Amino acid sequence: MFENVQFANPDFFWLLLLLPLAVLWYFFKRKEQTASLRISSIKGFSSDGFLPKLKPLLFVLRLLALAAIITALARPQTKEVSTKTKTTKGIDIVMAIDVSSSMLARDLKPNRLSALKKVAADFIKKRPNDRIGLVAYAGEAYTKTPITSDKSIVLNALKEITYGQLNDGTAIGMGLATSVNRLKESKAISKIIILLTDGVNNSGFIEPQTAADLALEYDIKTYTIGLGTNGNALTPIAYNPDGSFRYGMRQVEIEETLLKDIAKATGGKYFRATNNEKLEEIYDEINKLEKTEIEEFKYTQYEEKFRPWVLLAGILLLLEWLLRNTLFRSFI
């Protein structure tokens, strides 16, 4: 009966302390309330059995009725809470991903591109209230998916990103400019680009600094990530006769000065990921830096449960009155 029940006026339960006092009063005053007759012998009187012994039942019924009334005064009620959330400051994000052949280097496991896709997928899942788009670039750039709130579309598109869909090379300016183009019409409070590369700008007809100026003009913050270990990495250097890659050790070259300049100019930050763990830490940090503001509304509905207790008290008092004036009438 009391499951998930709370009381609006629990102080009324202090009145239950009166019940033990009433019991003491009843036993001390019982003899004074009952008439007595002294006789020398009870021979000739017939016994009425155990019925007189049940007379205290009337008092018990009255006590139970009083306890029910006190419980009703305490106002038992159930509470149902419903929550509604609303995004007050959403963020539009474009992830620009380098898909050049060097992204198949094996200094990250199993390779740079696969490691990135795994970490990027986890990042996307942690942004349920934001719109996210994908841009892939190598020697040129294209929009893999425009910004959308449907995370299943973004995650499926991320899985489909592979090497070989674009001419080889590293067109950082093209990747950044294409990302800006996806965000320039956005009405979001905050717009950000996460641009990742593992090389040096060597392709494309848009200079990275020009693309950075465009991002600044449209108030788009850019986080840049340089991906690759320090030193040499096992990287594709040629094709085998069967079309597969031939791997060899090659010096890791990342245009860090350029990436730092892009981030600084747009109010973002530059990161360097030298292994899988560091890459995960970088995306976690970006996730913490760019917080979406959520407004939560809580609706509480109360349902009063005192009526059954009032009804119970009324039934007990009625039962006590009926017994007193019928079955126990001759003993009162």
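Before reading on, note that the structure itself is shown above.
Residues numbered from 1 in each chain as written. Predicted model: local features only at pLDDT ≥ 70, side-chain atom pairs only at ≥ 80, totals over all residues. Heavy atoms only, no water.

Q: How should I be thinking about the sheet that holds strand β4 (residues 131–137) in this particular structure?
A: Strands in a sheet are paired, the pairing made by backbone hydrogen bonds, and the direction either parallel or antiparallel. A sheet is described by the order of its strands in space; here 6 strands give the open sequence β5-β4-β3-β6-β7-β10, paired in mixed fashion. Since the sheet does not close on itself, it has two edges, and those belong to β5 (141–148) and β10 (270–273), each with one partner. With strand direction ignored, the average angle separating the axes of adjacent strands in the sheet is 15°. Here 5 bridges tie β4 to β5, and the two strands are oriented antiparallel to one another. Within the sheet, the bridge partner assigned to Y137 lies in β5 and is A141. The strands that helix α5 (residues 172–183) touches are β3 (91–98), β4, β5, β6 (190–197) and β7 (221–227); relative to β6, the one it contacts most, it runs at about 160°. (Pairing = 2+ DSSP bridges. Helix = DSSP H or I, 4+ residues; strand = E, 2+ residues; numbered from the N terminus. Axes fitted to C-alpha atoms, helices over the stretch in contact; angles between N-to-C directions. Contact = heavy atoms within 4.5 Å.)

Q: What is the right way to look at the packing of aromatic side chains in this model?
A: What describes a pair of aromatic rings is the distance from one ring centre to the other and the angle between the planes of the rings. Enumeration according to the criterion identifies 5 aromatic pairs in this entry. With 4.9 Å between their ring centres and 25° between their planes, Y239 and F245 make a pair best called stacked. Ring-pair connections join several aromatic residues into one group, and the members of that group are Y163, Y239 and F245. Lying over the aromatic face of Y247, R106 brings its terminal NZ or CZ to 3.8 Å of the ring centre. (Phe/Tyr/Trp six-rings, centres within 6.5 Å; stacked < 30°, edge-to-face > 60°. Lys NZ or Arg CZ within 6 Å of the ring centre and 35° of its normal.)

Q: Can you help me understand the packing of helix α6 (residues 208–217) against helix α7 (residues 256–266) in this one?
A: A pair of packed helices is characterised by two quantities: the angle between their axes and the separation of those axes. Here α6 crosses α7 at 20°, and the two axes come no closer than 9 Å. One way to sum up the angle between α6 and α7 is to call them roughly parallel. The handedness of the crossing between α6 and α7 comes out as right-handed. Residue-level inspection shows P208, A212, A215 and L216 of α6 in contact with α7, the latter providing L258, I262, A265 and T266. A breakdown of the residues in the contact of α6 with α7 according to their chemical character gives 7 nonpolar, 1 polar and no charged. (Parallel < 35°, antiparallel > 145°, perpendicular 65-115°, else oblique. Left-handed = near helix turned anticlockwise from the far one by under 90°. Nonpolar A, V, L, I, M, F, W, Y, C, P; charged D, E, K, R; others polar.)

Q: In this structure, what is going on with a nonpolar patch on the surface? I would like to understand it.
A: On the surface, a cluster of nonpolar side chains totalling about 830 Å² of accessible area is made up of F12, L15, L18, L21, L24, F28, I69, L73 and L317. Contributions of two or more residues to the nonpolar patch are made by α1 (18–33) and α2 (56–73). Per element, the largest residue contribution to the nonpolar patch is 4 residues, and it comes from α1. With respect to the secondary-structure elements, I69 resides in helix α2. Classification of I69 as partly exposed rests on a relative accessible area of 37%. (Patch = residues over 30% accessible without salt bridge, like charges linked within 9 Å, V, L, I, M, F, W, Y side chains within 5 Å. Areas by Shrake-Rupley, 256 points an atom, 1.4 Å probe, with all protein chains shown as cover. Salt bridge = Lys/Arg side-chain N within 4 Å of Asp/Glu carboxyl O. Buried < 20%, exposed > 50% of the residue type's maximum accessible area, 1.4 Å probe, protein only.)

Q: Please clarify how the nonpolar core should be interpreted in this entry.
A: For soluble globular proteins, nonpolar side chains are generally found buried alongside one another. The biggest cluster of nonpolar side chains holds 37 residues, and the ones touching the most others in it are M95, I225, L279 and Y283. At the level of secondary structure, the elements contributing two or more residues to this core comprise β3, α3 (112–125), β4, α4 (151–160), β6, β7, β10 and α8 (276–289). Element by element, the count of residues in this core is highest for α3, at 8 residues. Dropping the residues within four chain positions of it, L279 is found in contact with L108, A115, L116, V119, L196, I225, L227 and A273. In this structure, V135, I172, V252 and A263 belong to the second largest nonpolar core, which totals 24 residues. (Core = buried A, V, L, I, M, F, W, Y, C linked by side-chain atoms within 4.5 Å.)

Q: Just to check I follow, could you spell out the pattern of salt bridges for this structure?
A: Pairs can form between side chains of opposite charge whenever their charged atoms are close. Going through the model one piece at a time under the given rule, you end up with 14 salt bridges. R112 serves as the salt-bridge partner of D107, at 2.8 Å between the closest nitrogen and oxygen. Accessibility assignment for this pair places D107 and R112 in one class, buried. Of the charged contacts, one joins E160 and K144 as a salt bridge, the two residues approaching to 3.2 Å between their closest N and O atoms. Of this pair, E160 sits in helix α4 while K144 is found in strand β5, placing the two residues 16 residues apart along the sequence. Assessed through its relative accessible area of 46%, E160 is described here as partly exposed. On the basis of relative accessible area, K144 is assigned to the partly exposed category, the value being 22%. Here the residues in one salt-bridge network are R62, E320 and R324, joined through shared partners.

Distances and angles like these do not, on their own, reveal function.
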